[in-house]
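Given next are the chains, with one letter for each unit.
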Amino acid sequence: MLLIIITNWSLGHDRTMQDIVYKLVPGLQEGETKADENLNKETSEEKQEEDNDYHRSDEQVSICLECNSSKLRGLKRKWIRCSAQATVLHLKKFIAKKLNLSSFNELDILCNEEILGKDHTLKFVVVTRWRFKKAPLLLHYRPKMDLL
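Conventions used here
- Residues numbered from 1 in each chain as written.
- Predicted model: local features only at pLDDT ≥ 70, side-chain atom pairs only at ≥ 80, totals over all residues.
- Heavy atoms only, no water.
- Salt bridge = Lys/Arg side-chain N within 4 Å of Asp/Glu carboxyl O.
- Helix = DSSP H or I, 4+ residues; strand = E, 2+ residues; numbered from the N terminus.
- Buried < 20%, exposed > 50% of the residue type's maximum accessible area, 1.4 Å probe, protein only.
- Polar contact = N/O pair within 3.5 Å; in protein donor to acceptor, adjacent residues only side chain to side chain.
- Contact = heavy atoms within 4.5 Å.

A. Molecular detail of the pattern of salt bridges. Taken as a whole and assessed by the stated rule, the structure comprises six salt bridges. Close ionic contact of Asp108 with Arg142 constitutes a salt bridge, the shortest N to O distance being 3.8 Å. Here Asp108 is found in strand 3 (residues 107-111), whereas its partner Arg142 is found in strand 5 (residues 137-143), with 34 residues between them in sequence. On the basis of relative accessible area, Asp108 is assigned to the buried category, the value being 3%. Asp119 is paired through a salt bridge with Lys118; the nearest N and O atoms lie 3.6 Å apart. Each of Asp108, Arg142 and Lys144 takes part in salt bridges that share partners, so that together they form one network.

B. Representation of the environment of Arg73 in the model. Of note, Arg73 is situated in the loop between strand 1 (60-67) and strand 2 (79-83). Owing to a relative accessible area of 44%, Arg73 belongs among the partly exposed residues under this scheme. Along the primary structure Arg73 and Arg142 are separated by 69 residues, whereas in three dimensions their C-alpha atoms are 9.7 Å apart. Here Lys98 takes part through its backbone oxygen, which lies 3.4 Å from a polar atom of the side chain of Arg73.

C. Region of the structure containing the environment of Phe94. Tracing the chain through its elements places Phe94 in helix 3 (residues 88-98). With relative accessibility at 31%, the residue Phe94 sits in the partly exposed group. Put simply, Phe94 and Phe104 are ten residues apart on the chain and 8.3 Å apart in space, counted from C-alpha to C-alpha. If we skip the residues at most four places from it in the chain, Phe94 touches Leu65, Leu75 and Ile80.

In structure tokens:
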């Protein structure tokens, strides 16, 4: 004969039971406190290491940035390597800073003579605009043209 007992036990935290166990087992509470502190310290160190990664572990894209206008000067270092998660807006800000421009909104960035949207990631640009071509991704920049 098989007897099945159905219970509705809850495995929630029972403060009273925990206090009784701590009184019965000497040193348990101190050991658990130290273990929690060590775990918190390790996780905070790991988080700091992750925070200092600066996307170095991301997929990388090699880019050649060339000026497409006589109104702007070229960059000293036109070859860069950055995360594939970076956007065209990041590149605009980078170029504007390097060329001492007052605003990054004054620039257009082009790939294959097509203006890129500011929210496009470099991975998206490589997959959609540079599909069967070899690295590096060739991008041109120029002053923004006002369209009528």
